[in-house]
Amino acid sequence: MKKKKEDYTHLQADQPIGIFDSGVGGLTVAREIKRMLPQEDLIYFGDTKHLPYGDKSREAIVGYSTKITDFLLENNCKAIVVACNSATANALNEVLETVDAKVPVIDVINPVAEKVAFEIHNNVGVIATKATVNSGLYKKSIRKHNKFIKVDELATPLLVPAIEEGFKNHPITNAIIYNYLSNSKLKNIETLILGCTHYPLLMDEIRQFYGNRVRVIDSPSIVATQLKHILEKHHLLHVNNPHPEYDFYVSDLTKNFEKISKKIFGKSIRLELKVL
Ligand code: DGL
């Protein structure tokens, strides 16, 4: 695909930022965006009706992702954050085609891979959904910049359902984590990328497993920093907006989504059911 020249001259700083994921995972990215850019209005779409994306075909993920992108564009977003690794790994090109170079698109794999490739020089492990691991995108993107890094990827498909069920600090989740992280593929890693935006919700449990032996990469903050740079570069940072609006849409209302979104964004968020 030939890269079209971006044109952001029609965009205004006071337009919202659009963020999407299959469920609560993208909230870890939204939380960091809110922390770093506290004056921005946000529109979040959680495709809870179709999760987990990680077990779906590429075609299905492309279909969901492009529909959500259209929805965010219709809602006047000035940037789109694909806060889902499975969507990034399988549908980023199609999202870019849909956007047609009219608004910046920030994904959750490329900025992380770049940072790891340039700053870390040891064995890297990636845990992610099947859809992300099967794409091999982490390995490709890291090794494009630094071919000396060893990258081992492991699919850990039971984590998303456990998180969406709200099983935090739960023996089932701890057993799943122990089982996956003990896998021989991850035996010699010194750095771990959480290649699914849901996984930072289990950061304490993952850190507990490794102690200080393994550095766990803080992907949401890398992604939020990238978004900030892009908005700054194009003079699109919203300032003088002390009471930003947070609009949340889900394709299926779940108790867990409501609980986690309210915990991060406060009780005043607007949460609406929206089937696309
Ligand atoms: N949080 C998403 C990701 O980063 C999707 C997980 C899923 O729905 O399987 O891959």
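For the structure, check the block above.
Sequence order as written defines the numbering, with residues in each chain counted from 1. Totals for whole chains, interfaces and linings use all residues, but because this is a predicted model, local features are given only for residues with pLDDT of at least 70 and pairs of side-chain atoms are given and counted only at 80 or more. For side-chain calculations, the full set of non-hydrogen atoms in the structure is used, while hydrogens and water are omitted.

**Overview of the packing of helix α8 (residues 171–181) against helix α9 (residues 203–210)**
Two elements in contact, α8 and α9, have axes whose closest approach is 10 Å; the angle formed by their N-to-C orientations is 50 degrees. Here α8 is positioned oblique relative to α9, judged by the angle of their axes. Judged by the twist between their axes, the crossing of α8 over α9 is right-handed. Only Glu205, Ile206, Phe209 and Tyr210 of α9 make contact with α8, whose side of the interface consists of Asn174, Ile177, Tyr178 and Leu181. Here the term charged refers only to Asp, Glu, Lys and Arg, the term nonpolar to Ala, Val, Leu, Ile, Met, Phe, Trp, Tyr, Cys and Pro, and the term polar to all other amino acids, Gly among them. A class-by-class count of the residues in the contact of α8 with α9 yields 6 nonpolar, 1 polar and 1 charged. In this description, a line fitted to the C-alpha atoms serves as the axis of each element, helices being fitted only across the stretch in contact, and the angle between N-to-C directions of two axes falls anywhere from 0 to 180 degrees. Secondary structure elements are taken from DSSP: a helix is a run of H or I of four residues or more, a strand is a run of E of two residues or more, and numbering for both begins at the N terminus. Note on terminology: angles under 35 degrees are roughly parallel, angles over 145 are roughly antiparallel, angles of 65 to 115 are roughly perpendicular, and the others are oblique. Rotating anticlockwise by less than a right angle from the far helix to the near helix defines a left-handed crossing, while the corresponding clockwise rotation defines a right-handed one. In what follows, residue pairs with any heavy atoms lying within 4.5 Å of each other are defined as contacts.

**Thoughts on the pairing of strand β10 (residues 270–273)**
If a strand is regular, its side chains alternate between the two faces of the sheet. Strand pairing is defined by DSSP finding a minimum of two bridges between the two strands. With 4 bridges joining them, strand β9 (residues 246–250) and β10 adopt parallel strand pairing. When the bridges of β10 are listed, Asp247 appears paired with Arg270. The handedness of a crossover follows from its direction of travel: if, with the strands pointing away from the viewer, the path from the first strand over the helix to the second runs clockwise, the crossover is right-handed. You can see the chain leave β9, run along helix α11 (residues 255–265) and come back into β10, and the turn it takes is right-handed.

**A few points about the packing of helix α4 (residues 110–119) against helix α10 (residues 219–233)**
Two elements in contact, α4 and α10, have axes whose closest approach is 9 Å; the angle formed by their N-to-C orientations is 105 degrees. What the angle tells us is that α4 and α10 run roughly perpendicular. Contacts between α4 and α10 involve Pro111, Val112 and Lys115 from the former and Ser219, Ile222, Val223 and Gln226 from the latter.

**With respect to the side chain of Ser219**
The topology assignment puts Ser219 in helix α10. Partly exposed describes any residue whose relative accessible area lies between the buried limit of under 20% and the exposed limit of over 50%, with all areas from a 1.4 Å probe on protein chains only and scaled to the type maximum. With relative accessibility at 9%, the residue Ser219 sits in the buried group. Excluding its chain neighbours within four sequence positions, the residues that come into contact with Ser219 are Val112, Ile193 and Leu194.

**Focus: the pairing of strand β1 (residues 17–21)**
Most of β1 is tucked away, with 5 of its 5 residues classed as buried. Along β1, one buried face is formed by Ile17, Ile19 and Asp21 and the opposite face, lined by Gly18 and Phe20, is buried too. In this fold, the crossover linking β1 to strand β2 (residues 42–46) by way of helix α1 (residues 26–36) has right-handed handedness.

**With respect to a positive patch on the surface**
Put simply, a patch holds well-exposed residues, over 30% relative accessible area, that have no salt bridge, with like charges counted together within 9 Å and Val, Leu, Ile, Met, Phe, Trp or Tyr side chains within 5 Å. Using the Shrake-Rupley algorithm and a 1.4 Å probe, accessible areas are obtained, with residue cover drawn only from the displayed protein chains. We count a salt bridge whenever a side-chain nitrogen from Lys or Arg sits within 4 Å of a carboxyl oxygen from Asp or Glu. Positive residues here are Lys and Arg, negative ones are Asp and Glu, while His and the chain termini are left out of the count. A charged residue contributes its charge at one atom only: NZ of Lys, CZ of Arg, CG of Asp or CD of Glu. Taken together, Lys139, Arg143, Lys147 and Lys185 make up a surface patch of like positive charges. Among the secondary structure elements, Lys139 is positioned in helix α6 (residues 137–145).

**Topic: α11**
Among all positions of α11, only Asn256, Phe257, Ile260, Ser261, Ile264 and Phe265 are buried. For α11, the angular spread of buried residues about the axis comes to 130 degrees, placing them on one side. Turned more than 90 degrees from where α11 packs its buried face, Lys255, Lys259 and Lys263 sit exposed. Lining the buried residues of α11 we find α1, β2, α7 (159–164), β9 and β10. Directions from the helix axis toward the C-beta atoms define the arc.

**A few points about the pattern of salt bridges**
Applying the stated rule across the entire model yields 11 salt bridges. With a closest N to O distance of 3.2 Å, Lys115 and Glu119 form a salt bridge. One end of the pair, Lys115, and the other, Glu119, are both in helix α4, 4 residues apart, so they sit about a helical turn from each other. On the accessibility criterion, Glu119 (44% relative accessible area) is partly exposed. Residues Glu258 and Lys262 are paired through a salt bridge, measuring 3.2 Å at the closest nitrogen-oxygen approach. One end of the pair is Glu258 and the other is Lys262, both in helix α11 and 4 residues apart, which spans about a single turn.

**Remarks on the site of the ligand**
A molecule or strand has a residue near it when one of that residue's heavy atoms lies within 4 Å. Taken together, 13 residues lie near the ligand, and Ser22, Tyr53, Asn85, Ser86 and His198 sit nearest. With respect to the ligand, the side chain of Ser22 contributes an N or O atom lying 2.6 Å from an oxygen atom. Interatomic distance of 2.8 Å between a backbone N/O atom of Asn85 and an oxygen atom of the ligand. Protein chains shield 99% of the accessible area of the ligand, which is 300 Å² for the free molecule. Under the rule applied, a polar contact is a pair of N or O atoms within 3.5 Å (in protein, one hydrogen donor and one hydrogen acceptor; residues adjacent in sequence only if both atoms are side-chain atoms).

**Some details on helix α2 (residues 58–74)**
Here α2 contains 17 residues, and its C-alpha end-to-end distance of 24 Å stays within 8% of the 24 Å for a straight helix at 1.5 Å per residue. Within the span of α2, buried status applies to Ile61, Val62, Tyr64, Ser65, Thr66, Ile68, Thr69, Phe71 and Leu72. As for α2, its buried residues are in contact with β1, β2, β3 (79–82), α3 (85–99), α5 (130–135) and β9. Asn76 sits one or two positions beyond α2 and adopts a positive phi of about 70 degrees. What a helix should span is 1.5 Å times the count of its residues minus one.

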